[in-house]
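Structural description and commentary
The lines below spell out each chain.
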Amino acid sequence: MDGPGGRGAGAALSRREVRAAARRRRGRRGFAIAAASTVVVLGGLVAVVVTSPGWPAVRETFFSWPDFRRAFPDVLEGFWLDIRLFVVVEAAVLVLGLVVALARTSRAAALFPLRLLAAVYTDLLRGIPTILLVYLVGFGVPALELTGVPTDPVVLGAAALALSYSAYVAEVYRAGIDSVHPSQKAAALAVGLTQVQAMRHVVLPQAVRRVIPPLLNDFIALQKDVALVSILGVVEAFRVAQIDASSNFNYTPLLAAALLYLCVTVPLARVVDRLQAGARRARGGVEVPA
Amino acid sequence: MTAVLEVTGVTKAYGDVQVLRGIDLAVPEHQAVALIGASGSGKSTLLRCIDLLDDIDDGDVLLDGEVITDPERDPIEVRRRLGLVFQAFNLFPHLSVLRNVVLAPVRAHGVRGEEAESRARALLARFGLAHRADDYPDRLSGGEQQRVAIVRALATQPRALLLDEVTSALDPELVGEVLDVVRGLKESGMTMLIATHEMGFARDVADEVCFLHDGVVAERGAPERIFSAPEHPETQRFLRRVTASSGVPLR
């Protein structure tokens, strides 16, 4: 039987099928154009680079396979220290940042000094270059020769990174807490919760969910900045690569280290993209097809 | 007989705006008092002040004969004895319907988890929400959300329930189901102070109607009298305006 848009005998396609076929054709044509233009542009770029007079020297200095093979195991071992540092510092940052954020958002009069300290903490530590802070803590603290205070540069470097990043993360948390509508707190108080319970069970869970994408962005930045502990003489991936590069006059080991960082930061960045897209959808935004 | 709730000479200003200029009213046990009045007449403010979410400037609020607006008093203990339902529901979006309902009994009243849960399920079932227990609020219709909010307020067995324009944020076809719930509560003997724009509902359910105007109770009385023969010129004007805009005469 013919639909409302059917034309004559059963051989004719319905309007619906015609439209679907046209859509498929458009899709295929778009894909073909994108693929062709990619091949032309990228292929052209590669051709220009590879045929340029300086290319052999560049390849020798930055993309030397023998150098890569020689240095990679040591760089990888150094990178394992980066990973461990990152995980420990990140955990410390998440806790410390939350404590500072809660201190800053507290309203009780008795907690005013705490609020003041938290404000000074975030202002100071965000305002100092991380590399300066790492240097200051890493060399300054051992110089005090205090008993019971660690002098291990790995520990001190990690502490400096935790101080610096917890200040950023505290501000992220605070933005999240402020973004929860006051009516949520009113509802929590109205059912009989205390101020602390309202924060713990109603405001914070919503705040943390909202700030996961920005928190992950700070994770990515931290993952890279872990390399800063190398200025304290800690032999992590960047330092290993640097030593190898300067003794062999070849920069390939540094590219190997860069590759390892990318292996962690790029997937993290994709996770952030997905979470942000998810958050947009959850807010009721409409996705417009390109 | 002392009233469950008594409000005497309550005043409240936000900055330069004097919202309440001396409110007096009482809600006896098992009775429902309706607060009517134009938007901005202070109905919501009064309810928030009674639940100690806002400080009053002068006057007193009494719960079972006890002054609860004493600034030295612990507001948390008072709020645990009252229930407040908001115009915009204010459900906790990160918690399931069941968790919304059990949060206060468990955290604020020390009820054991399992017991609070079984009571919550029974209460949800009573209001036709049993099948929604494990859903999150954003999956519910506005009417369902507001019914859950009412269940949440009831879960702590409050002495009195404060309802702040509980149907104003609802699509017209969802108003009825929420009003039916409130009618049911009235029949079961709940003491209620109800701010509302639904005049027909106020007429049905209230034992007394208070018309708020310019920060005071300008007129009060039995609903039949207020709606059929209002005396205060502002009450007359308000009721004329409300019936004209809704297009339906008062039942």
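Calculation criteria
Residues numbered from 1 in each chain as written. Chains lettered and ligands numbered in written order. Predicted model: local features only at pLDDT ≥ 70, side-chain atom pairs only at ≥ 80, totals over all residues. Helix = DSSP H or I, 4+ residues; strand = E, 2+ residues; numbered from the N terminus. Rg over C-alpha atoms; globule rule 2.2 N^0.38 Å. Buried ≥ 20, exposed ≤ 12 C-beta atoms within 10 Å, placed from the backbone. Axes fitted to C-alpha atoms, helices over the stretch in contact; angles between N-to-C directions. Parallel < 35°, antiparallel > 145°, perpendicular 65-115°, else oblique. Left-handed = near helix turned anticlockwise from the far one by under 90°. Nonpolar A, V, L, I, M, F, W, Y, C, P; charged D, E, K, R; others polar. Pairing = 2+ DSSP bridges. Contact = placed C-beta atoms within 7 Å. Domains from an automatic or database assignment. pLDDT = per-residue confidence, 0-100.

**Quick look at the overall build of chain A**
Helix and strand content of chain A: 10 helices and zero strands. Counting from the amino terminus, chain A carries its helices and strands in the arrangement α-α-α-α-α-α-α-α-α-α. Relative to the 2.2 N^0.38 estimate, which gives 19 Å for 290 residues, the radius of gyration of chain A is 28 Å and therefore markedly larger than a compact globule would have. Along the longest, intermediate and shortest principal axes, the C-alpha atoms of chain A span 95 × 70 × 25 Å. The burial tally for chain A puts 29% of its 290 residues in the buried class.

**Examining the packing of helix α3 (residues 65-105) of chain A against helix α6 (residues 153-179) of chain A**
Residue and element names in this part refer to chain A. Running from N to C, α3 and α6 cross one another at 45°; their axes reach a closest spacing of 6 Å. Viewed along their axes, α3 and α6 adopt a mutual orientation that is oblique. You can see that α3 and α6 cross each other, and the crossing is right-handed. A breakdown of the residues in the contact of α3 with α6 according to their chemical character gives 18 nonpolar, three polar and two charged.

**Side note on the pairing of strand β3 (residues 32-36) of chain B**
Residues and elements named next belong to chain B. β3 sits mainly inside the fold: five of its five residues count as buried. Of the two faces of β3, both are covered, the one formed by Ala32, Ala34 and Ile36 as well as the one formed by Val33 and Leu35. Bridge analysis of β3 against strand β9 (residues 208-213) gives four bridges, and the strand direction is parallel. Bridging from a neighbouring strand, valine 33 pairs with glutamate 208 of β9.

**Here we look at the interface of chain B and chain A**
Facing the 18 residues of chain B at the interface are 16 residues of chain A. Those elements giving two or more residues to the side of chain B that touches chain A turn out to be α2 (75-79) and α3 (97-109) of chain B. Among the residues forming the side of chain B that touches chain A, the class breakdown is 10 nonpolar, three polar and five charged.

**Describing the domain arrangement of chain A**
When the parts of a complex come together, some accessible area is lost, and that lost area is often used as the size of the interface. One can read the domain layout of chain A as domain 1 (1-52) and domain 2 (63-281). For domain 1 of chain A and domain 2 of chain A, the distance between their C-alpha centroids amounts to 46 Å.

**Remarks on the sheet that holds strand β5 (residues 66-67) of chain B**
Residues and elements named next belong to chain B. If you walk across this open sheet you meet the four strands as β2-β1-β4-β5, and the pairing is antiparallel. Edge positions in the sheet fall to β2 (17-27) and β5, since each has one partner strand and no second. One ladder, built from eight bridges, connects strand β1 (residues 5-14) with β2; its direction is antiparallel. When the sheet's bridge partners are listed, alanine 13 is paired in β2 with glutamine 18. Together, β1, β2 and β4 (58-63) form the strand contacts of helix α1 (residues 43-50), whose direction differs from that of β1 by roughly 115°.

**Some points on the confidence of the model for chain A**
Residue and element names in this part refer to chain A. Residues with a pLDDT of 70 or more make up 92% of chain A, whose mean pLDDT is 87. The secondary-structure element of chain A with the lowest mean pLDDT is helix α10 (residues 252-282), recorded at 85, while helix α7 (residues 182-190) shows the highest, at 96. A low-confidence stretch, residues 1-7 stays under pLDDT 50, and its non-local contacts, those more than four residues away or across chains, total six contacts. Across residues 284-290, confidence stays below pLDDT 50; counting only partners more than four residues off in sequence or on other chains, it has one contact.

**Quick notes on the sheet that holds strand β6 (residues 82-85) of chain B**
All names here are of chain B. Spatially, six strands are ordered β6-β7-β8-β3-β9-β10 in an open sheet, and the strand pairing comes out mixed. The sheet is open, and its two borders are formed by β6 and β10 (216-221), each paired with just one other strand. Pairs of neighbouring strands in the sheet enclose a mean axial angle of 20°, with direction left out of account. Of the strand pairs in this sheet, β3 and strand β8 (residues 192-195) are connected by four bridges, and their pairing is parallel. Within the sheet, the bridge partner assigned to leucine 35 lies in β8 and is alanine 195. Contacting β6 and β7 (160-164), helix α5 (residues 142-154) runs over the sheet at an angle of about 170° to β6.

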